[in-house]
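# Coordinates in review
Each chain is listed here by its residues.
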Amino acid sequence: MRRIAVAKGDGIGPEIMDAVLKIFYEAKVPLEYVTVDIGKWVFDKGFNTGMTPEARQTIETLGILFKGPMETPKGKGVKSINVTARKTWNTYANTRTFQTLHGVDTVFSKAGIPIDITVVRENIEDTYGGIEHMITNDVAISRRIITRPGSMQVIKYAFEMARKKKARRITCAHKANIMKITDGLFLEVFQEVAKDYPDLKADDVIVDDLCMKLVTKPDTFDVIVLTNLQGDIVSDLCAGLIGGLGFAPSANIGDHICIFEAVHGTAPDIAGKNIANPTALLLSGIGMLRHLGLMESATMIENALLYTLEQGVHTGDFGNKSISAVNTTQFAEAITSNFGKQP
Ligand code: NAD
């Protein structure tokens, strides 16, 4: 049986991961889970990368990490555990899918405007190198690194993914009108790669204009590729379009290791209450099953999830307020009771 590494994470991580693994168990997904020690709690034990050497070795052997959200330790000079993991294994493309889900009402679903946007965010470079310092007591400086090979690998991935998705359009969002050299290089690579994909409509948009267009005409976008920081911000905007962070799955794709996780963080404000929405992590898990070729399991679980949402069953972060919310465990149970149903 295929083995994968699992890290439950911090905050709401263990609650939503337990819910998702229970659904996988009930669905008889043919996977074996090897729990690895990564997270803020590992950092607190003195491991400054937030992971033990054994965890690192296990992940490198198994090639797949399914993870809950992880808290970023506070303090200057301390690196984010998530950023460290993405860099350690060169997971250069962060794909985030935002789709209209029946039963999850938004202004767009009520207006009959369907949304199906995939954001591909460069995952390694940009300002996420953490190269920043004070040059005087009053002046802070940060370095932004954009490279041709780094841009090339994520943009090529985005085009290949867009072709597989049968996308109508692939858009590069940037701020090359102001950051002419860094964003200019990213855009130049995009236009270069586009020449090899004449079947795809490739265009570009300035990122602030993109934000305005996303909230007015989200159905005109399909695949959007961006640099790291802009991609991070635009992703949360897109999550808002389809009902919130509780519905936004993601995958960090590298050539050797892939990490599947929700877009959202540890939600400290609701942690420990068993009320978090596990849908984003479940959708990330369904994406992981498809990546592993476990299509039947993926489809069965996805159908049960969609059927459950259509029935109006919901956690407290969304949904019809006249139908009382269920907790995380009850939401997972509702999904397993709907195995075999079609949305
Ligand atoms: P957050 O995503 O944790 O929370 C933002 C808001 O969304 C909160 O109100 C929260 O309650 C809500 N929310 C998020 N997920 C939800 C869910 N599944 N169900 C219901 N409501 C949900 O963002 P934050 O508060 O800015 O970050 C908290 C911590 O998480 C920080 O330490 C941050 O660095 C970390 N973080 C980790 C990841 C990751 O592990 N990939 C991603 C983002 C943030």
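Residues numbered from 1 in each chain as written. Predicted model: local features only at pLDDT ≥ 70, side-chain atom pairs only at ≥ 80, totals over all residues.

Take the overall build of the protein chain next. On a plain count of helices and strands, the protein chain comes out with 12 helices and 12 strands. At 20 Å, the protein chain has a C-alpha radius of gyration in line with the 20 Å of a compact globule built from 343 residues. If you line up the protein chain on its principal axes, its C-alpha atoms span 55 × 50 × 40 Å. Every one of the 343 residues in the protein chain was classed for burial, and the buried ones make up 45%. Put simply, of all contacts in the protein chain between residues at least 6 apart along the chain, 75% involve residues at least 24 apart. (Helix = DSSP H or I, 4+ residues; strand = E, 2+ residues; numbered from the N terminus. Rg over C-alpha atoms; globule rule 2.2 N^0.38 Å. Buried ≥ 20, exposed ≤ 12 C-beta atoms within 10 Å, placed from the backbone. Contact = placed C-beta atoms within 7 Å.)

Take the nonpolar core next. Of all hydrophobic cores here, the largest spans 95 residues; its most connected members are Ile38, Ala158, Ile224 and Val225. Element by element, the count of residues in this core is highest for helix H10 (residues 279-291), at seven residues. Apart from residues no more than four positions distant in its own chain, valine 225 is found in contact with Val120, Val154, Ile155, Ala158, Ile170, Cys172 and Phe190. (Core = buried A, V, L, I, M, F, W, Y, C linked by C-beta atoms within 7 Å.)

Within the secondary structure layout, proline 73 lies in the loop between strand S3 (64-67) and helix H4 (81-88). Overall, proline 73 belongs to the partly exposed group, with 14 C-beta atoms counted inside 10 Å. Sequence separation between proline 73 and isoleucine 242 is 169 residues, and the spatial gap between their C-alpha atoms is 30 Å. For proline 73, the contacting residues outside a window of four places in its chain are Lys40, Phe43 and Val78.

With that out of the way, let us pick up the UniProt feature "domain: Isopropylmalate dehydrogenase-like" (unreviewed entry) in the protein chain. Per the UniProt record, "domain: Isopropylmalate dehydrogenase-like" (unreviewed entry) is annotated on residues 3-335. Secondary structure across residues 3-335 comprises 40% helix and 19% strand; the distance between its end C-alpha atoms is 24 Å. (UniProt positions renumbered as here; feature names shortened; annotations may be inferred.)

Okay, the packing of helix H6 (residues 148-164) against helix H7 (residues 182-194) next. Packed helices, taken two at a time, are described by the angle between their axes plus the distance between the axes. For the pair H6 and H7, interaxial distance at closest approach is 9 Å and the crossing angle is 45 degrees. Here H7 runs oblique to H6, going by the angle between their axes. Handedness of the H6/H7 crossing: right-handed. Every residue of H7 that contacts H6 at Arg148, Ser151, Met152, Ile155, Lys156 and Phe159 is listed here: Leu185, Phe186, Val189, Phe190 and Val193. Its residues assigned to classes, the contact of H6 with H7 comprises eight nonpolar, one polar and two charged. (Axes fitted to C-alpha atoms, helices over the stretch in contact; angles between N-to-C directions. Parallel < 35°, antiparallel > 145°, perpendicular 65-115°, else oblique. Left-handed = near helix turned anticlockwise from the far one by under 90°. Nonpolar A, V, L, I, M, F, W, Y, C, P; charged D, E, K, R; others polar.)

Once that is clear, we can look at the pairing of strand S5 (residues 116-122). A large share of S5 lies buried, amounting to six of its seven residues. For S5 and strand S10 (residues 223-226), the ladder comprises four bridges, and the chain directions are parallel. Counted as the bridge partner of arginine 121 is leucine 226 from S10. (Pairing = 2+ DSSP bridges.)

All right, on to the sheet that holds S10 then. Read from one edge of the open sheet, 10 strands run S2-S1-S3-S12-S11-S4-S5-S10-S8-S9, paired in mixed fashion. Each edge of the open sheet is held by one strand with a lone partner, namely strand S2 (31-35) and strand S9 (201-206). With direction set aside, neighbouring strand axes in the sheet form an average angle of 25 degrees. Of the strands in this sheet, strand S4 (93-99), S5, strand S8 (169-174), S10 and strand S11 (249-253) touch H6, which is tilted by about 160 degrees from S5. Running at roughly 105 degrees to S9, helix H8 (residues 207-216) makes contact with S8, S9 and S10 of the sheet.

With respect to the helices, strands and loops of the structure, leucine 187 is situated in helix H7. Residue leucine 187 is classed as buried on the basis of its 22 C-beta neighbours within 10 Å. Residues leucine 187 and lysine 175, spaced 12 residues apart in sequence, show a C-alpha to C-alpha distance of 9.2 Å. Not counting residues up to four positions away in its chain, the partners in contact with leucine 187 are Cys172, His174, Ala176 and Asp204.

What follows deals with the pairing of strand S1 (residues 2-7). With five bridges connecting them, S1 and S2 associate as parallel partners. When the sheet's bridge partners are listed, alanine 5 is paired in S2 with valine 34. Regarding the hand of the β-α-β motif, the stretch spanning S1, helix H1 (residues 13-26) and S2 is right-handed. Here S1 runs beside S3; their pairing, made up of three bridges, is parallel. By the bridge assignment, valine 6 is partnered in S3 with phenylalanine 66. (Right-handed = clockwise from strand over helix to strand, strands pointing away.)

Attention now moves to the packing of H10 against helix H11 (residues 295-310). Following both chains from N to C, one finds H10 and H11 inclined at 155 degrees, their axes separated by 8 Å at the closest point. Taken together, the axis directions place H10 and H11 in an arrangement best described as roughly antiparallel. Here the hand of the crossing between H10 and H11 comes out left-handed. Counting all contacts with H10, which are made through Thr279, Leu282, Ile286, Leu289 and Arg290, the residues of H11 involved are Met295, Ser297, Ala298, Ile301, Glu302 and Leu305. Here the contact of H10 with H11 is built from residues that sort into seven nonpolar, two polar and two charged.

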